[in-house]
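Structure assessment
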Amino acid sequence: MVLRTLLTAWMLALLLPGASPLRAQTPTPLEAGLRLLDEGADAGAIPLLQEALRRDSLRREAYTGLALAYLRAGQPARARAIADRGRRVFPDDAHLLQLGAEALVQEERVDEALARYRAVEDRLRAGASIPGLTYARARRRVADLLQVAGSAAYEAGDLEAAVQAYREARTRAPDVEDVHANLAFLLLEQQDAAAALTAAERGLAHFPESERLLRFQAAALLQLDRLDELLAPYEALYALRPDDPAIGLAYAQVLLASQQRLKALGVFETLLRRHPTERSVYDAYIEAQLRALNLKGVENILQYMRRHFPEEDEVLRRLARVRVWQEEWDAARATYDTLATLTGDRATSLYLIGQTYEQQDSLRAALDAYDEGLALRPADADLLAGRARVLEAMARWEAAEAAYEALLATAPTADAYARLGHVLEQTQAPERAARAYRQALAEDSTQAFPVYRLAVLARADGRMEQACVLATTAATRALQALDRQQQAAHRTLEQRFADPSLTARPDLTRDRLEQANTLAADAFAEIAPACPASTAEAVHRRLLAAYPTSGTLHLLVGRYHLAQGDTARALALADQAAALTPALPEAHRLLATLHEARGDDRAALLAAERFHTLAPDDPDGFRRLLRLYRAQGGLALLIARWQARFEADPTDTTVCGFLLEALHKADRYDEATALAPRCDAARQAADGS
């Protein structure tokens, strides 16, 4: 009985270490190593587990424990070696497979790690168990590795592999924002906007407030040109990040594109208050106002900007420019005076002030400003050019000649030589003028004006063959210059405002276009008197072949044929001119003339209306409309239109004068008598200004 009791106690001691009533049992290396591993003492566990494996190479726990210890100790190669060694003994052990896979992760051997983790995933799905690793967690681990693999493929330039990796990652981890966002980004990089939009929207279903996904959704919509759908993502982005100026600006632009102008302006105003020193906000707001032709709005923004950038001269320059464009001459000049105080550069401000006087046709005041500037900076090319230009406009030929000579001594340019040539023609010095024109061409061989004037001078001397060649060359170059000006005219108002060289009104480009049209017409007109008829018509054909889309050229050739009596050819060319360049007033004037001559009053009236719309202040337009409406019995309708126009602008003397004439022709004398004092008052006011 006693022996049985002792044996029973001994067996219990074997089964329950530490419970022996005889003595405490010493743990084995395996037990001790696993205990230290549980306690996080990896370095201490490693030698014990090594000893355990040395004693018994068939203990599964020794392999898994030692591999785990090496992993924790940052020795992935040794961990993988132990795991692989254990798998040779226990080939079906999923835990050893997973530890080897994790070692490959630490070694950054992503593709191999991914392959092993896929195998781990398969084992778990088939029913295997791994301590601390469920099937769901294994899928997430594969998803993580797919993201790493996808990023590596992207860095290597393999977009297709990257997209494939992230698509697979999304199937395993649909609840990870980065997976959706990175996939959308990669698809955008792949120029697959439709798929990128789908990816972003699938992600937004899980993460509706994800800034990245909203940005990618917007980018995809933009690439797909689905602009009407951009508002929703940008509204969400702006709600998430109201203090981000870049998002706010994009939102405002989308609102403008969606025809929600007032709401967009409200966003701009909010951005200005929140970010008063953020230049991009000012630039975008100014651009929006320019697009709407709201120059007063631009002026207000610049005044606000000046309060926050008081030392920046460029703000003042832009403020002055927009005041010039609004013809607020005194305010513009006051701004230039302030600019001179800020920069200390009085001479430049005087040049800009002189330009404002030129635009007002106040030539004497402009000359005084340029002279004052030259007293401060005698060799300033801009001031010298301004002075010469004004003297030429005042027809003070000798003074203008001296001014251009002074300019050329300082800054010889093709334009200065050309203008000097024009002045010398007025002083009856054709030989000197021709020399100046040739010097202009030596400076710039592409100019048209000097060649045109040389053609005129050659014809005046009877050198007809030379005159013909020069006239043809001048017309060709003038048409080339006209084409360039027409392209420049398509620049938006905000683009022109950003150009510091354009300090004049917004219609400066239009003025240059009119000058180019005039030069083209003058040069073309010189061909007929300089060349034999057969040569002139051959030149016309060559020019039409070279510039088939030039409305101006078709108009000019049409005028030539009208002068030759070929009205049918003239009408066909005028029709082409109006179709090619609908905004060309003279094309519609010629059409009206030709249709009226042919007795087609309806077509003549339509063309006359178009001409009057494009050139509303041209007296010929009023006279033609008056004649045509009267001939067709519609004078009452025309009178009503002109009355409404005069009531809208009671200072318009041109409208009032023709309205009086129309009332007289309609035998409405009482109304004409009542209107006459108002016309007189308008004329007196105009003379007084």
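See the structure shown above.
Residues numbered from 1 in each chain as written. Predicted model: local features only at pLDDT ≥ 70, side-chain atom pairs only at ≥ 80, totals over all residues. Heavy atoms only, no water.

**Quick notes on the overall build of the chain**
Across its full length, the chain carries 39 helices and zero strands. The C-alpha radius of gyration computed for the chain amounts to 43 Å, which surpasses the reference 26 Å derived for 689 residues by more than 25%, pointing to a less compact arrangement than a globule. Counting only C-alpha atoms and orienting by the principal axes, one finds that the chain spans roughly 150 × 65 × 55 Å. Across the 689 residues in the chain, those meeting the buried criterion constitute 45%. (Helix = DSSP H or I, 4+ residues; strand = E, 2+ residues; numbered from the N terminus. Rg over C-alpha atoms; globule rule 2.2 N^0.38 Å. Buried < 20%, exposed > 50% of the residue type's maximum accessible area, 1.4 Å probe, protein only.)

**Examining helix 20 (residues 346-359)**
Residues separated by three or four positions in an α-helix point in the same direction, a consequence of the helix having 3.6 residues per turn. Relative to the 20 Å expected for 14 residues at 1.5 Å per residue, helix 20 spans 20 Å between its end C-alpha atoms, a close match to the ideal helical length. Of all 14 residues that make up helix 20, 10 are buried, and the element is covered over most of its length. Listed in full, the buried residues belonging to helix 20 are Ala347, Ser349, Leu350, Tyr351, Leu352, Ile353, Gly354, Gln355, Thr356 and Glu358. Where the residues of helix 20 are buried, they touch helix 18 (313-325), helix 19 (329-343), helix 21 (363-376) and helix 22 (381-393). Phi turns positive, to about 65°, at Asp361, one or two residues after helix 20. (Expected span 1.5 Å × (residues − 1). Contact = heavy atoms within 4.5 Å.)

**Quick look at the pattern of salt bridges**
Opposite charge on two side chains permits them to pair, given that their charged atoms come into close proximity. Scanning the entire structure with this criterion turns up 59 salt bridges. The closest approach of N and O atoms between Lys296 and Glu328, which form a salt bridge, is 2.9 Å. Of this pair, Lys296 sits in helix 17 (residues 295-308) while Glu328 sits in the loop between helix 18 and helix 19, and the two are 32 residues apart along the sequence. Residue classification places Lys296 among the partly exposed positions, given a relative accessible area of 38%. A salt bridge links Asp337 to Arg346; the shortest N-O distance between them is 2.5 Å. According to the relative accessible area criterion, Asp337 is partly exposed, its value standing at 32%. Via salt bridges that share partners, Arg559, Glu586, Arg589, Glu596, Asp618, Asp620, Arg624 and Arg627 belong to a single interconnected network. (Salt bridge = Lys/Arg side-chain N within 4 Å of Asp/Glu carboxyl O.)

**Structural notes on the packing of helix 36 (residues 619-631) against helix 37 (residues 635-648)**
If you want to describe how two helices pack, look at the angle between their axes and the distance between the axes. For the pair helix 36 and helix 37, the least separation of the axes is 8 Å and the interaxial angle reads 145°. Contacts between helix 36 and helix 37 pair Phe622, Leu625, Leu626, Tyr629 and Arg630 from the former with Leu635, Leu637, Leu638, Arg641, Trp642 and Arg645 from the latter. (Axes fitted to C-alpha atoms, helices over the stretch in contact; angles between N-to-C directions.)

**Some remarks on the state of the cysteines**
Counted according to the given criterion, the structure contains two disulfides. Each sulfur in the disulfide pair Cys468 and Cys531 lies 2.0 Å from the other. Here the disulfide of Cys468 and Cys531 is right-handed, its torsion about the S-S bond being about 105°. With Cys468 in helix 27 (residues 464-489) and Cys531 in the loop between helix 30 (527-530) and helix 31 (533-546), this pair connects stretches of sequence that are 63 residues apart. As far as the burial class goes, Cys468 and Cys531 line up, both buried. Between the sulfur atoms of Cys656 and its disulfide mate Cys679 the distance is 1.7 Å. Linking Cys656 and Cys679, the disulfide has an S-S dihedral of approximately -85° and is accordingly described as left-handed. Residue Cys656 is located in helix 38 (residues 653-665), and its partner Cys679 is located in helix 39 (residues 669-688); the two are separated by 23 residues in the primary sequence. (Disulfide = S-S within 2.5 Å.)

**Observations concerning the nonpolar core**
Core analysis: the biggest nonpolar cluster contains 156 residues, and Phe268, Phe524, Ile527, Leu543 and Leu553 have the highest contact counts within it. Ranked by residues supplied to this core, first place goes to helix 27 with nine residues. Among all residues touching Leu553, those that are not within four sequence positions of it are Leu479, Phe524, Leu543, Leu544 and Tyr547. Core analysis: the second largest hydrophobic core is formed by 36 residues, Ala574, Leu590, Leu591 and Tyr629 among them. (Core = buried A, V, L, I, M, F, W, Y, C linked by side-chain atoms within 4.5 Å.)

**Some remarks on the environment of Ala402**
Within the secondary structure layout, Ala402 lies in helix 23 (residues 397-410). Among the residues examined, Ala402 registers a relative accessible area of 46% and is labelled partly exposed. Counting along the chain gives 289 residues from Ala402 to Ala113, while the straight-line C-alpha distance between them is 87 Å.

**Here's the deal with the packing of helix 13 (residues 231-240) against helix 14 (residues 245-257)**
Axis separation between helix 13 and helix 14 bottoms out at 9 Å; the angle between their running directions is 150°. For the pair helix 13 and helix 14, the sense of crossing is left-handed. Only Ile247, Gly248, Ala250, Tyr251, Val254 and Leu255 of helix 14 make contact with helix 13, whose side of the interface consists of Leu231, Tyr234, Glu235, Leu237 and Tyr238. Residue composition of the contact of helix 13 with helix 14, grouped by class: nine nonpolar, one polar and one charged. (Left-handed = near helix turned anticlockwise from the far one by under 90°. Nonpolar A, V, L, I, M, F, W, Y, C, P; charged D, E, K, R; others polar.)

**Notes on unusual backbone geometry**
A negative phi holds for most residues other than glycine; trans holds for most peptide bonds. The phi dihedral of Glu327 falls on the positive side, at around 60°, and the residue is not glycine. Its place among the elements puts Glu327 in the loop between helix 18 and helix 19. We note that Asp667 has phi near 60°; this positive angle belongs to a residue other than glycine. Note on placement: Asp667 falls in the loop between helix 38 and helix 39.

**A word on the side chain of His275**
You can see His275 is positioned in the loop between helix 15 (261-274) and helix 16 (279-291). With a relative accessible area of 16%, His275 lands in the buried category. At a separation of 3.2 Å, a polar atom in the side chain of His275 contacts the main-chain carbonyl oxygen of Asp243. With near-sequence residues (within four places) excluded, His275 lies in contact with Asp243 and Pro245. (Polar contact = N/O pair within 3.5 Å; in protein donor to acceptor, adjacent residues only side chain to side chain.)

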